[in-house]
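A structural walkthrough
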Amino acid sequence: MDIQSVGVVGAGTMGNGIAQVCAAAGLQVTMVDVSGNAVERGLAMIAANLGRQVKRGTIGADELDAIVARVHGTTHYEALKSVDVVIEAATENLELKLRILRQIEQIVGHGALIATNTSSISITQLAAVLERPDRCIGMHFFNPVPVMALVELIRGMQTSEESFSRAKALVDRIGKTAIDVRNSPGFAVNRILVPMLNEAIFALHEGLATPEDIDEGMMMGCNHPIGPLALADMIGLDTLLSVIQVFYDGFKDPKYRPAPLLVEMVAAGRLGRKSGRGFYQYS
């Protein structure tokens, strides 16, 4: 089945980014969130991101208008009834995602592909709550979605070859590159990345260096485009803690224990860019 329309559940940073790249590829997009304010913020973010592209000369004003017009924001799940694919992009919380996936399946058509943008949770576990788990797949985008070229495609034990092929076709359509990853906590990229970020927080907690020096060391010494602590702030420290906790619970290996400083900062509400303060201050 040719994909012409996409639903995105979640209008936050990941959700509106996914909506933007799908609309830019010519697809009709329905972006759903439980909060009308969140929907409006998501639509505004898409317009702002595209506006920066107009200023850089990478797209024209007419193209901006056309892309924005292809994104419909709503608080009603019923708007997903006729879409070809739904991508769940809610907060990295197991119970929340299970509830949303059940709700999606009750609305969409029999032939719709159901994808989740989870960065760490088992696709097999998520798919198991569906009556047709064969049409569920992991499509893990990376932040910021309009910039990052990669999408991890993760099959659950139940995922059909047809579902994988359709997800791969969608990735190709929106100009991204897919890698085929086995279902395991954190999949491939985060399995490597998140422990590195956690270790950087341990290093800071132990007083090995300042946040600035840790980040500069990794940028200058390892050619990373952004330091690990600045990246953690961009990801969101609450999200980072959720992912490393999935590793710790899934592997039962102490090397994945969350850094105490990370736990304390999340408890204090210092979540990074989203809250205005993490390892750095943000205006």
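Treat the numbers as computed from the prediction; the structure is a model and nothing was measured. (Residues numbered from 1 in each chain as written. Predicted model: local features only at pLDDT ≥ 70, side-chain atom pairs only at ≥ 80, totals over all residues. Heavy atoms only, no water.)

1. Examining the UniProt feature "domain: 3-hydroxyacyl-CoA dehydrogenase NAD binding" (unreviewed entry) in the protein chain
The test is simple: UniProt positions are given in the numbering used here, feature names are shortened, and annotations may be inferred rather than shown by experiment. Only DSSP runs of H or I reaching four residues or more are called helices, and only runs of E reaching two or more are called strands; each is numbered from the N terminus.
The UniProt record annotates "domain: 3-hydroxyacyl-CoA dehydrogenase NAD binding" (unreviewed entry) at residues 6-183. Structurally, residues 6-183 comprises 42% helix and 22% strand, and the distance from its first C-alpha atom to its last is 24 Å.

2. Some thoughts on the UniProt feature "binding site: NAD(+)" (unreviewed entry) in the protein chain
Inclusion rule: In this description, contact between two residues means that some pair of their heavy atoms is separated by no more than 4.5 Å. Whenever a nitrogen or oxygen atom comes within 3.5 Å of another N or O atom, the pair is scored as a polar contact, on the condition that within protein one atom can donate a hydrogen and the other can accept it, and that pairs from neighbouring residues in sequence are kept only if both atoms are in side chains.
Per the UniProt entry, the sites bearing "binding site: NAD(+)" (unreviewed entry) are Gly10, Ala11, Gly12, Thr13, Met14, Gly15, Asp33, Glu92, Lys97, Ser119, Asn143 and Lys274 in this numbering. The residues contacting Glu92, other than those within four sequence positions of it, are Lys97, Thr118, Ser119, Ser120, Ile121, Ser242 and Val243. In terms of polar contacts, Glu92 uses its side chain to reach the side chain of Thr118, at 2.6 Å. Mapped onto the secondary structure, Lys97 falls in helix H4 (residues 94-107).

3. Regarding the sheet that holds strand S2 (residues 28-32)
We apply this condition: Strands are treated as partners if at least two bridges between them are detected by DSSP. Angles run from 0 to 180 degrees between N-to-C directions of axes, and those axes are lines fitted to C-alpha atoms, restricted for helices to the stretch in contact.
A sheet is described by the order of its strands in space; here 8 strands give the open sequence S3-S2-S1-S4-S5-S6-S7-S8, paired in mixed fashion. Two strands in the sheet have a free side with no partner beyond their single neighbour: strand S3 (71-74) and strand S8 (177-182). This sheet shows a mean twist of 25 degrees between the axes of neighbouring strands, independent of strand direction. Relative to strand S6 (residues 136-141), strand S5 (residues 113-116) runs parallel, the two sharing 3 bridges. If you follow Ala115 over to S6, its bridge partner there is Ile137. Helix H1 (residues 13-24) contacts strand S1 (5-9), S2, S3, strand S4 (85-88) and S6 of the sheet and is inclined by roughly 170 degrees relative to S2.

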